[in-house]
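Breakdown of the fold
Chain residues, written in single-letter form:
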Amino acid sequence: MEKTRCTHDVGCKSNPHVASLNHNVSLKKGFDPELMFVECHKCGRPLIWNQGEASQIIEQSGIDTKKLDAQCLILAEGCPQCAPSEGGYMVRVVRLREDGYKDIKEQGH
């Protein structure tokens, strides 16, 4: 299971690592990662990211946007509200299913 580190600040508004990357992401045909829901896996709070950050996470993970759909979401392993002392949070891309969710990478995508 591949994870990417998210270093959002208290307001979940900026990610220095992502900000340093090229924000001119050319989307291949497929689901727009910016439409993905992002939430904290620990407390369930929705997280607000800047435009382009979800696309960067998907690009860094190597997941093809053609394999994404409306049942996919990004889960952070903590957030500034429930784990403020941690600072950086691991994130993963999952697909919702009737029996819970499965990591996209585990599904062979």
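Bear in mind the structure is a predicted one, so any value in this text is a computation, not a measurement.

Before going further, it helps to spend a moment on the overall build of the protein chain. A count of helical and extended segments in the protein chain gives two helices and five strands. Each helix and strand of the protein chain, ordered N terminal to C terminal, gives the series β-α-β-α-β-β-β. The proportion of buried residues among the 109 residues of the protein chain is 39%. A fraction of 63% describes how many contacts in the protein chain between residues 6 or more apart in sequence connect residues 24 or more apart. For the protein chain, the computed accessible surface area is about 6200 Å², with 50% contributed by carbon and sulfur atoms.

This part is about the side chain of R92. Among the secondary structure elements, R92 is positioned in strand β4 (residues 89–97). A distance of 3.0 Å separates a polar atom in the side chain of R92 from a polar atom in the side chain of E77.

What follows deals with the pairing of strand β2 (residues 37–40). In regular strands, side chains alternate between the two faces of the sheet. By the alternation rule, side chains of β2 split into V38 and C40, which are all buried, and F37 and E39, of which none is buried. Pairing between β2 and strand β3 (residues 72–76): four bridges, direction parallel. Following the sheet pairing, V38 is matched in β3 by I74. Viewed along the sheet, the connection from β2 through helix α2 (residues 53–61) into β3 turns out left-handed.

Turning to the state of the cysteines, a few remarks are in order. Tallying each qualifying case throughout the model produces zero disulfides. Considering cysteine sulfurs only, C43 is the nearest to C79, which forms no disulfide, with 3.7 Å between them. Under the relative-accessibility criterion, C79 is labelled buried at 1%.

What counts, and where the lines are drawn
Along each chain, residue indices are assigned from 1 in the same order as the chain's sequence is written. Owing to the predicted nature of the model, reporting of local features is limited to residues with pLDDT of at least 70; listing and counting of side-chain atom pairs is limited to 80 or more, with chain, interface and lining totals taken over all residues. Side-chain measures here rest on the full set of heavy atoms in the structure, leaving out hydrogens and waters. Under the DSSP-based scheme used, a helix requires at least four consecutive residues in state H or I and a strand at least two consecutive residues in state E, with every element numbered from the N terminus. Partly exposed residues are those whose accessible area sits between 20% and 50% of the maximum for their type, while under 20% is buried and over 50% is exposed, using a 1.4 Å probe and protein chains only. Contact criterion: two residues are considered in contact whenever any of their non-hydrogen atoms come within 4.5 Å of each other. Exposure was quantified through the Shrake-Rupley algorithm and a 1.4 Å probe, taking into account, for residues, occlusion by the shown protein chains and nothing else. Polar contact criterion, stated in full: a pair of N or O atoms within 3.5 Å, where within protein one must be able to donate a hydrogen and the other to accept it, and residues adjacent in sequence count only if both atoms are side-chain atoms. Each pair of strands is called paired provided DSSP finds at least two bridges between the two strands. Every crossover in which the path from the first strand over the helix to the second runs clockwise, viewed with the strands pointing away from the viewer, is termed right-handed. Cysteine sulfur atoms that pair up within 2.5 Å are treated as a disulfide.

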